[in-house]
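# Examination of the molecular architecture
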Amino acid sequence: MTLQATATPRIIFSSHDRRNFRSHGNLYALALNSDKPLLLQRSQEPESFILRPHGLDLIQRNGRWWLYVINHDKDLFSDRHTLVIYELVGDTLIFQELLRSPLLSAPNDVAVADNGDVYVTNEREDGSSIAELIFLQRKGYVAVYRPNIGWRVAADDFAVANGILIQGNTVWITQTLGEGLRRYQRAPDGRLVQQTSLGNLSLLDSINLADNAHFIVPSYPSLPSVLLHWQLPGQRSPTKVYDVDPETGRGSLLFADDGSTISAVSAALPVKNQLFLSQLFDSFILRCPMTP
């Protein structure tokens, strides 16, 4: 999920049935005071193009909105994923470009820097490998794309690189199987340097910015429960969401559920005293009021 901060703000989010991975997905807009998402129409896509969206980033440049979307292949364990770029005009997404690279091995999230550099987290080095997950191999990495130059590895040695947030020349990255929040500085060539690991939170997913300049980060208390929930929809999976201090990486519990209300929260977006929660597999967004 991401916020489109217009005069009438709304949330832009991706949707894909990950239990039926070969199914097609869509992109939606949700007004802050509504419970009915609006399907965003898409135009000018290539023939035979199929959208299976995952992480996304929305930026405004010269008064125009550009949406960058991770687009998966027909199988999760594959190495043929792409990154698609749209212009968002009103309620329509106009196709602009489809980026391909062997470095999009297992893409999860995307973030765009002020100068146009595009950073993509990759969960695994070999997108077709299950062994990397089973044996907790630290082969995840972040790739960077610079227009007219191409792709390169920006940082590596991640245990499932997941969420990414850019603040000027500082880049924050979460890991699902690794521990703690990582902070980097952007080098002139786009590489990520000066790594610092903060806090001891684990099993993290996406990362979003709160009004107090802290980060909102969901976590999976039990990885086996997530896997069971994936394969057996009736099985619930507990979830936690933290308010994380960027100076220390320490998290204060903001939201917790045993899975009876919502399972396996993958993204948590704070907007105007409300917390919007989306999840890995089930088909709804939960909106919660937040106290000061």
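For the structure given in this document, a descriptive report is provided here. This is a predicted model, so every value here is computed, not measured.

## A look at the environment of leucine 30
Looking at the element boundaries, leucine 30 is found in strand S3 (residues 26–31). For leucine 30 and isoleucine 12, which are 18 residues apart along the polypeptide, the C-alpha to C-alpha distance reads 6.5 Å. If near-sequence neighbours (up to four positions away) are discounted, leucine 30 is found in contact with Arg10, Ile11, Phe13, Asp35, Lys36, Pro37 and Phe276.

## Here we look at the sheet that holds strand S16 (residues 179–186)
One open sheet accounts for 4 strands, arranged S14-S15-S16-S17; its pairing is antiparallel. The strands lining the two open edges of the sheet, one partner per strand, are strand S14 (161–167) and strand S17 (192–202). Strand-to-strand twist across the sheet, computed as the mean angle between neighbouring axes with direction ignored, equals 20°.

## Concerning the packing of aromatic side chains
Considering all chains together, one arrives at 7 aromatic pairs under this definition. Ring plane angle 65° and centroid distance 4.8 Å describe the contact between tryptophan 172 and phenylalanine 215, whose orientation is recorded as edge-to-face. Of this pair, tryptophan 172 sits in strand S15 (residues 170–175) while phenylalanine 215 is found in strand S19 (residues 215–219), placing the two residues 43 residues apart along the sequence. Judged by relative accessible area, which is 0%, phenylalanine 215 ranks as buried. Connected via pairs of aromatic rings, a cluster forms that spans Phe49, Tyr86 and Phe95. Positioned above the aromatic ring of phenylalanine 158, the side-chain terminus of arginine 182 is 4.4 Å from the ring centre.

## Some details on the sheet that holds strand S12 (residues 140–146)
Spatial strand order, S10-S11-S12-S13: 4 strands in an open sheet with antiparallel pairing. Each edge of the open sheet is held by one strand with a lone partner, namely strand S10 (107–112) and strand S13 (150–158). Looking at each pair of strands side by side, their axes are set apart by 20° on average, direction ignored. Across 5 bridges, strand S11 (residues 118–122) lies against S12 in antiparallel orientation. The residue of S12 that forms the bridge with valine 118 is tyrosine 145.

## Considerations on the pattern of salt bridges
Scanning the model with the defined rule gives 13 salt bridges in all. One salt bridge connects arginine 138 with aspartate 157, and the closest N-O pair in it is separated by 3.5 Å. You can see arginine 138 sitting in the loop between helix H1 (131–134) and S12 and its partner aspartate 157 sitting in strand S13, a full 19 residues away along the chain. Classification of aspartate 157 by relative accessible area gives partly exposed; the value is 37%.

## Section: the pairing of S16
Where S15 and S16 come together, 4 bridges link them in antiparallel fashion. Pairing of valine 171 across the sheet is with tyrosine 184, part of S16. Connecting S15 to the antiparallel partner S16 that follows it, the hairpin turn spans 3 residues. With 6 bridges joining them, S16 and S17 adopt antiparallel strand pairing. Bridge pairing in S17 links leucine 181 to leucine 198. Connecting S16 to the next strand, S17, in antiparallel fashion are 5 residues, including glycine 190 with a positive phi near 95°.

Cut-offs applied
- Residues numbered from 1 in each chain as written.
- Predicted model: local features only at pLDDT ≥ 70, side-chain atom pairs only at ≥ 80, totals over all residues.
- Heavy atoms only, no water.
- Helix = DSSP H or I, 4+ residues; strand = E, 2+ residues; numbered from the N terminus.
- Contact = heavy atoms within 4.5 Å.
- Pairing = 2+ DSSP bridges.
- Axes fitted to C-alpha atoms, helices over the stretch in contact; angles between N-to-C directions.
- Phe/Tyr/Trp six-rings, centres within 6.5 Å; stacked < 30°, edge-to-face > 60°.
- Buried < 20%, exposed > 50% of the residue type's maximum accessible area, 1.4 Å probe, protein only.
- Lys NZ or Arg CZ within 6 Å of the ring centre and 35° of its normal.
- Salt bridge = Lys/Arg side-chain N within 4 Å of Asp/Glu carboxyl O.

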